[in-house]
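# A closer look at the structure
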Amino acid sequence: MDMEPEQSLKRSRDDYEQDHQQGPGGGYNNNNNDFDDDRSKKQHVDPQQELINDLCKDIRRIGENANISVQVDDLSYISNPIVAEFEKIDKLRTSILSTVLAIVLEQPQKISPLSNLILICNSKNFVVAKYTIEYFHSQAQWMLDNLKSWDTVGSKDSAGVWNNLKSMLKFLATLAPIIEGDGVVAIFKQFLMLAIELNLKLKDTTEKRNGLAQEIFYNTVISIPYLLSNELSQEMIDQVNGLVDMAQEFKEEQNSTTVLLQPFDSRLGNFELPYEPKKMIDLVLPSLLKLRGEDKQWNDLIGGKLFLNYDELLGPIIEANLQNNPISSEIIKHNLPQLNLPTVDTLLEEGYKPHGLIDELWFNNTRLLFQVYNTTEFETVPDITSYVGLFLRDVAYDILTNLSFNKNEASIQLSILDLFFNRELFAPPGSSIDQLSLIHKDNLEGLNSPPLSTWKVEDMAVESILTMIFQLPKSLHVEIYYYTVLIACCRSSPELIAPVFGRAIRFLFNNLETLDYELKLRYLDWMSVQISNFEFSWKWDEWVQYSQKFRNLKYQPKKNFIKNLIAKEIRLSNKNRIKGSFVLMRPEENEAEYLTEFYQYLDISLYENGGKFRFDYDFDLYGGEDSHIKELLLGLSTNGNGATLDNKNASPQEELVFIFTNSDLPFSNVAKRVYDFIVYHWKPNNEFSTLYKNVLNGINQEISDSQPNDEEMAEPEPEPEPEPEPEPEKQETVETETISTSSTSQPVTDEAAVSVSETTVDSGEPDVQKEEENLEENLNEQLPPKRRYNLSQVDPIKFLINLFFQSYAFIGSRSVYSVISILSRDVNKLRYLTGMPIEYKSENESRFEEIELNEEEKDNRQRWVIDLIFRIWIHQPQVAFLILEYLIEFKIIQAKHLVAKALSLDHNLIIENVSCMESINRVLDRAIMEDKDTEILVQLCQTIVKNINDIGTRLGVTETDVVKITKDFPEEEADDIELMTSIDLQWLFYEYKGILKTYYRKFSNAVRTEEFQTIFNGVDNVPVKEDVLNWLKES
């Protein structure tokens, strides 16, 4: 139905801010209140500067009023001071021109109203338009002249020269009515010809895609309709048709694949994809041809069907201005020279690479469009194959990229995008899916003539942001920027945006089985940040069915996602807070249902049953043979505060258990020496070497003393009848008997555990040498005789490494910062323990006594360090991996050992645990991108291939079989452990393939293609091998 501007249901910027109590913040304001209207709070401002500030603010707010007639009146009003002062005040002229350029680049949806302002100014004073056209031409030429140095002269977060030129070309196209001849059309021809020649030249020499040619072509073609936004003469239509015909000379890619960049994977045909991803370059020209129509008259564009139709309101104002213009009553036109574009040979020179976020994206990869809202029977966003769909997405991407310095403004501009185009393009803001369903039904029945739109501007905004988040191979900005834009959108319009978010979240969750491995991590990130900013509220009840059905599966994507999402939420809050969010409110019954199904996930231990893992680890460390040690360790299943090892409500500090200094356990004497040594703020290296040697000797001595001698191994003789003895002898007998027959599992209270707060340290340093000489004598004087344990299976080196590193960890366990601080203090000492090269700070620094270790011994020590860190922070995996990352950064352990641990088929941590996934990504980024360690990439890929082969063997599939995934099963089979184990292996098989794809896509340039080919040829399963070898053709 028709709607007058005054009756529009669209919200203006002021309505938007008033409704959601959000203050203005233009692209230049950035919440600094530099141009705040509250004059009483500001110091005196120079009148000229105040005028400049006001005009620039008004220009930034152009087009944000829903009423077109008011909008045009505002433009006419703003033009008056511009026309009056433009030639008089140099600073005003410079500020206005730079502001107009910035708005064109940062908020390209405002190009049409900005050009209307220039048209009005031209009718009053042609100098304004003349300066504007010349300024844009000079800036465009400056960018072209600085192509190769843009990384130094341009902003690091800019979209890039070629993308900026696109927006400037659009703006100049809207000024076609005041540009002489075919000046602006000639520039379009320049860019089209450059793209065509560049593409042909490269195709003559190589089969590779020319990303730069594609970008120039796409940018030019997407801008062509702007030529008809203000100029509808038949001459202009003919010229535009000539450009479209010329564009058809561009030869597109033929049969090129984009498997590496696709967000969804069918798992070799096991699943149907939610949609077939499409290339932007393949869509732009066909969509323009369709928009042009068979008669080539552009009827689907002309008449305000895309751009707002200002003619009826703008024409009379310009006519009146011309009549009052003392210089000329005719529209004055201005010269627009052609640009000096770089030659094809210059752009093909070896070493040239565009700089800027979007330019680099085009250059490096084929651009695919990501879709979310394609699940309803009617469209809620424009079809991606249509020109309008491409056009609006292109505008949204530019807003997101170039307004990254102001997330609040970016969110506002996306939310009011519908204000700047035809009023009938979008449904009224906030329309629900139910309402749109009724509109769609009426459209089908012919009750709406013409049919009403079902497009939602909220869907358009959110899908554009999600496209940038899920961009492969990497997002343009760090993902957190896009998350915060989404949060800002939701905070400003919660009742409008929340349902939109919900549909996006459900779409991604429903397609987790096919979602790319890397994108699962981004989805986890976004989801955790999103719900943590809104009091952790989510409709958890929707996921109960999946948790129950997949209760005996570990690697099923939906079950794994739920588990890891809750783990991330606990990291952002605490267990009690997250537990409290598992509630289903029933308003009609005035009651709440607690979703106890999710309580199991509150235990975020690295391994299942973390308490048992820690006990088994400790018992093995003490030899795994002695029953009394076993009883003692079982007694330590509660710490000093009484918190059980598996208590889901225990605090992080309560979850740490340090056992070495327990006096009832073996080696506690040397453990206390190590503990006291580390507590001191600094000890020289030579003393540490001595301590290491003495501790190792002490451990070996106690192991040796624990071995039974010949007398003890002989048959014990019957004890004679006891006779009266002197009192001292009697006392000794009683003490000995008491110790030997005691079976208590609890250590003596005052010696049970040592914490930092309970440790007393003398102010002066002890005489280390004297203590070493009298160690055994002093300890025997202080402590009662110990029972003899079976320590025959204790590995003394492994025990020593655990003793030292666990002591460091426990002493600093008050916070992660404390641990890092104490580790960084003694980096060389810890390198000494793990066999890593030591870097002395000066010649005067005392030297360690050298330990001769072969490579296997070094590797063992470093693997033990990883295991013991897992043991300490078994209930806090995010801390464990963070500490390990610092140990790698400090060069105490090598990254390859952590990667091997993460990929071990024993636990598959890189698939099961989100903290491990994130940590390995950071470790690989540092090792490969910064340290140029390509060996770790080779190791990674080889290990993944081996895992795929081993899993295939376990599944019993032949080399030519496609591994089939059991996608569904009846409820009664959910407890069939053998079946569930097989299904888990099926998922593992494809998850490891997905990981291989992720890391090849990310680091393919780090290693020669031939080396990757050799590794991939090692895959046993033929269907997988063929698939991964095809990746090599795309990179």
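The name given to the protein chain in an unreviewed UniProt entry is MIF4G domain-containing protein, with the source organism recorded as Scheffersomyces spartinae. Turning to the protein chain, the UniProt record has this under Subcellular location (unreviewed entry): "Nucleus".

## Re the overall build of the protein chain
A count of helices and strands for the protein chain gives 45 helices and two strands. Taking the intrachain contacts of the protein chain between residues at least 6 apart in sequence as the baseline, contacts between residues at least 24 apart amount to 78%. Carbon together with sulfur atoms contributes 47% to the accessible area of the protein chain, which is approximately 46,100 Å² in total.

## Observations regarding helix α11 (residues 234-247)
Given 3.6 residues to a turn, an α-helix orients residues that are three or four positions apart in the same direction. For α11, which comprises 14 residues, the first-to-last C-alpha distance of 20 Å matches the rise-based estimate of 20 Å (1.5 Å per residue) to within 8%. All of the buried residues along α11 are M236, I237, V240, N241, L243, V244, M246 and A247.

## Thoughts on the packing of aromatic side chains
Applying the stated rule across the entire model yields 60 aromatic pairs. Each ring, one from F582 and one from F598, has its centre 5.4 Å from the other, and the planes form 40°; the classification is tilted. Note that F582 is positioned in the loop between α25 (575-579) and β1 (583-586) and F598 in the loop between β2 (591-594) and α26 (610-621), a separation of 16 residues in sequence. Its relative accessible area of 0% is what places F582 among the buried residues. Arranged with centres 5.6 Å apart and planes meeting at 65°, the rings of F658 and F660 form a pair that is edge-to-face. Residue placement shows K558 over the ring face of F509; its charged tip is 5.7 Å from the ring centre. For the cation-ring pair, K967 lies above F271, with the distance from its terminal atom to the ring centre recorded as 5.3 Å.

## Looking at helix α12 (residues 280-292)
The terminal C-alpha atoms of α12 lie 19 Å apart, and with 13 residues this matches the ideal 18 Å at 1.5 Å per residue to within 8%. Looking at the packing, one finds that the buried side of α12 touches α10 (211-223), α11, α15 (357-364) and α16 (387-402). Taken from the residues just after α12, G293 is the one with a positive phi, measuring 85°.

## Description of the nonpolar core
The biggest cluster of nonpolar side chains holds 327 residues, and the ones touching the most others in it are W162, Y523, W543, I910 and Y992. Once residues lying within four places of it in the same chain are set aside, the contact partners of I910 are Y517, A902, L903, C916, M917, I920, Y992, I995 and Y999.

## Some points on unusual backbone geometry
In this model, S449 is joined to P450 through a cis peptide bond whose omega is -5°. Here P450 lies in the loop between α18 (433-444) and α19 (457-469). Between L472 and the following residue, P473, the backbone shows a cis peptide bond with an omega angle of 10°. In this fold, P473 is placed in the loop between α19 and α20 (479-492). Positioned with a positive phi, E535 is a non-glycine residue whose angle comes to about 55°. Following the sequence through the fold, E535 ends up in the loop between α22 (517-532) and α23 (544-549).

## Brief notes about the pattern of salt bridges
Inspection of every chain in the model, using the stated rule, returns 46 salt bridges. A salt bridge links R393 to E463; the nearest nitrogen and oxygen atoms lie 2.9 Å apart. Of the two residues, R393 sits in helix α16 while E463 sits in helix α19, which places them 70 residues apart along the sequence. Among the salt bridges present, the one from K946 reaches D950, with a minimum N-O distance of 2.9 Å. Of this pair, K946 and D950 both sit in helix α42 (residues 935-955), four residues apart, roughly one helical turn. Assessed through its relative accessible area of 26%, D950 is described here as partly exposed.

What counts and what doesn't
- Position labels on residues start from 1 in each chain and follow its written sequence.
- Totals for whole chains, interfaces and linings use all residues, but because this is a predicted model, local features are given only for residues with pLDDT of at least 70 and pairs of side-chain atoms are given and counted only at 80 or more.
- To obtain the side-chain values, all non-hydrogen atoms of the structure were included, while hydrogens and water were left out.
- UniProt positions are given in the numbering used here, feature names are shortened, and annotations may be inferred rather than shown by experiment.
- Runs of H or I in DSSP of at least four residues are treated as helices and runs of E of at least two as strands, each being numbered from the N terminus.
- Residue contacts are defined here by distance: any two heavy atoms, one from each residue, within 4.5 Å place the two residues in contact.
- Exposure was quantified through the Shrake-Rupley algorithm and a 1.4 Å probe, taking into account, for residues, occlusion by the shown protein chains and nothing else.
- Here the expected length of a helix is defined as 1.5 Å per residue gap, with one fewer gap than residues.
- Remark: exposure states derive from per-residue accessible area (1.4 Å probe, protein chains only) relative to the maximum for the residue type, with buried under 20%, exposed over 50%, and partly exposed in between.
- Note on ring pairs: Phe, Tyr and Trp rings are taken, using the six-membered ring of Trp, and paired if centres are within 6.5 Å. Classes follow the plane angle, with under 30 degrees stacked, over 60 edge-to-face and the rest tilted.
- Criterion for a charge above a ring: Arg CZ or Lys NZ at most 6 Å from the ring centre, at most 35 degrees from the ring normal.
- The term nonpolar core refers to a set of buried residues drawn from Ala, Val, Leu, Ile, Met, Phe, Trp, Tyr and Cys, joined through side-chain atoms within 4.5 Å.
- By definition here, a salt bridge exists when the distance from a side-chain nitrogen of Lys or Arg to a carboxyl oxygen of Asp or Glu is within 4 Å.

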